[in-house]
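# Geometric and topological summary
As a plain string of letters, each chain reads:
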Amino acid sequence: MDKQAVVVLFGGRSSEHSISSATAGGVLQAIDRDRYDVIPVGITRGGAFVLEDDDPAKFPLDAEHLPEVVDNGTRVHWPEPEGERTLRVVRGDGSTVDLGEIDVVLPLLHGTHGEDGTLQGFFDTLEIAYAGGGVLDSALCMDKHFMKIALQAAGIAVAPWVTVRRRQWDEAADRVRTESAALGFPQFVKPARAGSSVGVSKVEAPGELDAALATAFAEDDKVLIETGIVGREVEVAVLDGAEGPRASVPGEIVLTDRGFYDFEGKYLGGDGVEVVCPAELTEAEVAAIQDAGIRSFEAVDGRGLARVDMFLGVDGGIVVNELNTMPGFTPISMFPKCWIASGLSYRDLITELVEAGLRR
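Just so it is clear, the structure is predicted and the values come from calculations on it, not from any experiment.

Rules of the game
- Residues numbered from 1 in each chain as written.
- Predicted model: local features only at pLDDT ≥ 70, side-chain atom pairs only at ≥ 80, totals over all residues.
- Heavy atoms only, no water.
- Helix = DSSP H or I, 4+ residues; strand = E, 2+ residues; numbered from the N terminus.
- Rg over C-alpha atoms; globule rule 2.2 N^0.38 Å.
- Buried < 20%, exposed > 50% of the residue type's maximum accessible area, 1.4 Å probe, protein only.
- Contact = heavy atoms within 4.5 Å.
- Pairing = 2+ DSSP bridges.
- Axes fitted to C-alpha atoms, helices over the stretch in contact; angles between N-to-C directions.
- Phe/Tyr/Trp six-rings, centres within 6.5 Å; stacked < 30°, edge-to-face > 60°.
- Domains from an automatic or database assignment.
- Salt bridge = Lys/Arg side-chain N within 4 Å of Asp/Glu carboxyl O.
- Parallel < 35°, antiparallel > 145°, perpendicular 65-115°, else oblique.
- Nonpolar A, V, L, I, M, F, W, Y, C, P; charged D, E, K, R; others polar.

A tally of regular secondary structure across the protein chain gives 11 helices and 17 strands. Since a compact globule built from 360 residues should have a radius of gyration of about 21 Å, the 21 Å found for the protein chain is in line with a globular shape. Along the first, second and third principal axes, the C-alpha set of the protein chain runs to 60 × 50 × 40 Å. For the protein chain, the residues scored as buried account for 55% of the 360 residues in total. Pairs at least 24 apart in sequence give 65% of the contacts found in the protein chain among residues at least 6 apart.

Within helix 3 (residues 135–142) the residues assigned to the buried category are Asp 137, Ser 138, Leu 140, Cys 141 and Met 142. Contact partners of the buried residues in helix 3: helix 2 (118–126), helix 4 (144–153) and strand 17 (318–324).

It is worth spelling out the sheet that holds strand 6 (residues 96–101) at this point. The sheet built from three strands is open, its strands ordered 4-5-6 with antiparallel pairing. The open sheet is flanked by strand 4 (75–77) and strand 6, the only strands paired with a single partner. The sheet shows a mean angle of 20° between the axes of neighbouring strands, taken without regard to direction.

Enumeration over the complete set of coordinates arrives at six aromatic pairs. Ring geometry for Phe 49 and Phe 122: centres 6.1 Å apart, planes at 20°, overall stacked. Here Phe 49 is found in strand 3 (residues 49–51), whereas its partner Phe 122 is found in helix 2, with 73 residues between them in sequence. Look at Phe 49 and you get buried, because its relative accessible area is 18%. Under the relative-accessibility criterion, Phe 122 is labelled partly exposed at 30%. Taking 6.2 Å as the distance between ring centres and 35° as the angle between the ring planes, the aromatic pair formed by Phe 123 and Tyr 130 counts as tilted. The pair formed by Phe 123 and Tyr 130 is uniform in burial state, with each residue classed as buried. Here a set of aromatic residues connected by ring pairs shows up, and it is made of Phe 49, Trp 78, Phe 122, Phe 123 and Tyr 130.

We now examine the domain arrangement of the protein chain. Here the protein chain is partitioned into domain 1 (4–130), domain 2 (140–158 + 229–344) and domain 3 (161–225). The C-alpha-based centres of domain 2 and domain 3 are spaced at 23 Å.

Let us look at the sheet that holds strand 10 (residues 201–203). On the basis of which strands lie adjacent, the open sheet formed by four strands has the order 8-11-9-10 and antiparallel pairing. Only two strands of the sheet have a single neighbouring strand rather than two, namely strand 8 (161–165) and strand 10. Averaged over all adjacent pairs, the angle separating strand axes in this sheet is 25°, with direction ignored. Sheet topology note: the strand 8/strand 11 (residues 222–227) ladder contains five bridges and is antiparallel. Bridge pairing in strand 11 links Arg 165 to Lys 222. Along the sheet face, helix 4 touches strand 8, strand 9 (187–191) and strand 11 and points at about 50° away from the line of strand 11.

Take the pattern of salt bridges next. Counting across every chain of the model gives 23 salt bridges. In this structure, Glu 355 and Arg 35 form a salt bridge, with 3.6 Å as the shortest nitrogen-oxygen distance. Residue Glu 355 is located in helix 11 (residues 346–359), and its partner Arg 35 is located in the loop between helix 1 (17–30) and strand 2 (36–43); the two are separated by 320 residues in the primary sequence. In this structure, a network of salt bridges that share partners links the residues Asp 143, Arg 193, Asp 220, Asp 221 and Lys 222.

Let us now look at the environment of Ala 341. Mapped onto the elements of the fold, Ala 341 is located in helix 10 (residues 334–341). Here the alpha-carbon distance between Ala 341 and Val 249, two residues 92 residues apart in the chain, equals 7.0 Å. Those residues within four positions of Ala 341 in sequence are excluded, and the remaining contacts are Val 249, Cys 277 and Pro 278.

Direction vectors running N to C along helix 3 and helix 4 enclose 110°, while the axes themselves pass 5 Å from each other. Overall, the two elements helix 3 and helix 4 adopt an arrangement that is roughly perpendicular. Counting all contacts with helix 3, which are made through Leu 140, Cys 141 and Met 142, the residues of helix 4 involved are Lys 144, Phe 146, Met 147 and Ala 150. Considering only residue class, the contact of helix 3 with helix 4 consists of six nonpolar, no polar and one charged.

When you tally the buried positions in strand 11, you get six out of six residues, the bulk of the element. Across the two faces of strand 11 the burial is the same, with Lys 222, Leu 224 and Glu 226 and Val 223, Ile 225 and Thr 227 all buried. Of the pairings in the sheet, the one linking strand 9 to strand 11 comprises five bridges and is antiparallel in character. Each bridged residue has a counterpart across the sheet, and for Lys 190 the counterpart in strand 11 is Leu 224.

At the junction of Phe 185 and Pro 186, the peptide bond is cis and its omega measures out at 0° in the coordinates. The omega torsion of the bond from Cys 277 to Pro 278 falls at 5°, within 30 degrees of zero and hence cis. Take Pro 278: it is sitting in the loop between strand 15 (273–276) and helix 9 (283–299). Even without being a glycine, His 113 presents a positive backbone phi close to 60°. Along the chain, His 113 turns up in the loop between strand 7 (104–107) and helix 2. Residue classification places His 113 among the partly exposed residues on the basis of a relative accessible area of 35%. For Asp 301, which is not a glycine, the phi torsion comes out positive at approximately 60°. With respect to the secondary-structure elements, Asp 301 resides in the loop between helix 9 and strand 16 (305–312).

Here's what the structure looks like:
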């Protein structure tokens, strides 16, 4: 059969640029080359679309040298509606290379200008098929404030919180401190629209709030202060297949000597954290977690995929923390691990995502 042309898109303008690039390295290594022709397109930190090297080794997850997309002078020109459906690249010397028609884009972008619905709207406008989340679910899940509201409206438990905008903090800091104290301690302060635990701090006492807000406001001008939830930190991977969404076996984040599951623990193999999948749970707990994952996915009008993070209390209660519409695909990431533990290989997982984008 003829191969389908898949654009693997990565990098981007957010603080998660390097994680996106490392995710692309894993996907370029594993994608089914017998089934797909792969075109790697990177987005530089400045926002330029460039033709990248099809070389997984160029994008390792290395704590000493995080990968990134460097401007190599090329520019990718996307096809437009009612015109030729050909992807073209203009090189630095002005010459043009025709890469042929593309079938689907696999966006591996995390954070703003990639995971927040903006890029999805761009491809919708160009009438280019793409895998993963759509405009609405991407935008909702990128903004933790509105994500919580959507989950609450569906009857799904979330951690108590207050949302603080930079102007409110500048004008009424004492009121914010009072509202924060009412949530109890410990609590977590996090940017409303960032991921990979960038800008997140654990606050154990009132005196730590100001510094935590300064860290979060460096990422976003809207910040959430959340009550810390006591419970096991469990996650479930959701895929939106032809028969509707389904959930993987749950995994668990086990912290042995780390305050919370931070950036280093997630991506750089930091000490004190273990990603376990499948988690040691009863059948009833597995069923409840999978049900909560699918209900959360449907509450935000999920498309494609999501990783649903939640807390399992000692009483069996479930509190949903957040949904990630483009979770990490790095070698130590939970999303692929949970599907592998569920019997779906890394390669087949990528194929399923691409095929779902083609069906749409």
